[in-house]
Amino acid sequence: QVQMVESGGGLVQAGGSLRLSCAVSGGTFSSYAVGWFRQAPGKDREFVAAITWSGGRTYYRTHYADSVKGRFTISRDNAKNTVYLQMNSLKPEDTAVYYCAADPYVSSLTARVSSEYDYWGQGTQVTVSS
């Protein structure tokens, strides 16, 4: 049974930074692709960032939504079974509940598709004030 727990959300002023963490237990963490998604009130869940294996499974690749590229950084620490999302230069429109998701079969081609992920955390609230 794979369990995922997000942490690090909170209230921050525009221009500030937060680092979200996603701790994963169960399964073989190093083999999983992990993604971050977010959902604002009244809106659909949207892709934020993901880290997946390359086609030859020799290195990890990162993927970002255009809206966060250059501001957010996804990384992973396989020794700690944890994925991070460093969020800088936050904007009010980044306000949402942020979810991490994992799946051993997600690839670079499917990393942006929420329905491709089998395992999800409970979410952590990020609020950016103007």
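In what follows, the structure referred to is the one given above.
Predicted model only: the values in this text are computed from it and were never measured.

Turning to the pairing of strand S4 (residues 33-39), a few remarks are in order. A large share of S4 lies buried, amounting to 6 of its 7 residues. Note that S4 and strand S9 (residues 96-103) share 7 bridges and pair antiparallel. For Phe 37, the partnering residue across the bridge sits in S9 and is Tyr 99. Relative to strand S5 (residues 46-53), S4 runs antiparallel, the two sharing 5 bridges.

The subject of this paragraph is the state of the cysteines. Applying the stated criterion across every chain yields a total of 1 disulfide. Disulfide partner of Cys 22: Cys 100, at an S-S distance of 2.0 Å. Where Cys 22 bonds to Cys 100 through sulfur, the torsion about that S-S bond is close to 65°, and the disulfide is right-handed. Separated by 78 residues along the polypeptide, Cys 22 in strand S3 (residues 18-25) and Cys 100 in strand S9 bring together distant segments of the chain. Summarising the burial analysis for this pair, Cys 22 and Cys 100 share the class buried.

As a rule of thumb, soluble globular proteins bury nonpolar side chains together. Counting residues in each nonpolar core, the largest one holds 38 residues, and the members touching the most others are Trp 36, Val 48, Phe 72, Ile 74, Leu 85, Met 87 and Tyr 98. Elements that contribute at least two residues to this core include exactly S3, S4, S5, strand S7 (72-77), strand S8 (82-87), S9 and strand S11 (124-129).

What follows covers the environment of Thr 52. As for its placement among the helices and strands, Thr 52 is situated in strand S5. Of the residues examined, Thr 52 reaches a relative accessible area of 0% and is grouped as buried. Linking Thr 52 and Val 113, residues 61 residues apart in sequence, is a C-alpha distance of 13 Å. Beyond its immediate chain neighbours, meaning those up to four positions away, Thr 52 contacts Ala 33, Tyr 59, Tyr 60, Arg 61, His 63, Val 106, Ser 107, Ser 108 and Ala 111. A polar side-chain atom of Thr 52 sits 3.2 Å from a polar atom in the side chain of Ser 108.

This part covers unusual backbone geometry. Phi is mostly negative for residues that are not glycine, and the peptide bonds are mostly trans. Non-glycine residue Asn 81 carries a positive phi angle of around 50°. You can see Asn 81 is positioned in the loop between S7 and S8. Of note in the backbone geometry, Ser 89 takes a positive phi value of approximately 50° without being a glycine. Tracing the backbone shows Ser 89 in the loop between S8 and S9. Residue Ser 89 is classed as partly exposed on the basis of its relative accessible area of 41%.

Counting buried residues in S8 gives 5 out of 6 residues, a clear majority hidden from the surface. Two strands pair when backbone bridges link them, and S3 and S8 are joined in this way by 6 bridges, in the antiparallel orientation. Residue pairing across strands places Leu 18 opposite Met 87, the latter belonging to S8. Linkage of S7 to S8, two consecutive antiparallel strands, is achieved through a turn of 4 residues, within which Asn 81 is found at a positive phi near 50°.

A few words now on the pattern of salt bridges. Scanning the model with the defined rule gives 4 salt bridges in all. Between Arg 38 and Glu 46 there is a salt bridge whose closest N-O contact spans 2.5 Å. A salt bridge links Arg 71 to Asp 94; its shortest N-O distance comes to 2.8 Å. On the criterion of sequence distance, the pair formed by Arg 71 in the loop between strand S6 (60-64) and S7 and Asp 94 in the loop between S8 and S9 is long-range, its members being 23 residues apart. The class for Arg 71 is buried, based on a relative accessible area of 10%. Judged by relative accessible area, which is 0%, Asp 94 ranks as buried. Through salt bridges with shared partners, a single ionic network connects Arg 38, Glu 46, Arg 71 and Asp 94.

What counts and how
- Residues numbered from 1 in each chain as written.
- Predicted model: local features only at pLDDT ≥ 70, side-chain atom pairs only at ≥ 80, totals over all residues.
- Heavy atoms only, no water.
- Buried < 20%, exposed > 50% of the residue type's maximum accessible area, 1.4 Å probe, protein only.
- Helix = DSSP H or I, 4+ residues; strand = E, 2+ residues; numbered from the N terminus.
- Pairing = 2+ DSSP bridges.
- Disulfide = S-S within 2.5 Å.
- Core = buried A, V, L, I, M, F, W, Y, C linked by side-chain atoms within 4.5 Å.
- Contact = heavy atoms within 4.5 Å.
- Polar contact = N/O pair within 3.5 Å; in protein donor to acceptor, adjacent residues only side chain to side chain.
- Salt bridge = Lys/Arg side-chain N within 4 Å of Asp/Glu carboxyl O.

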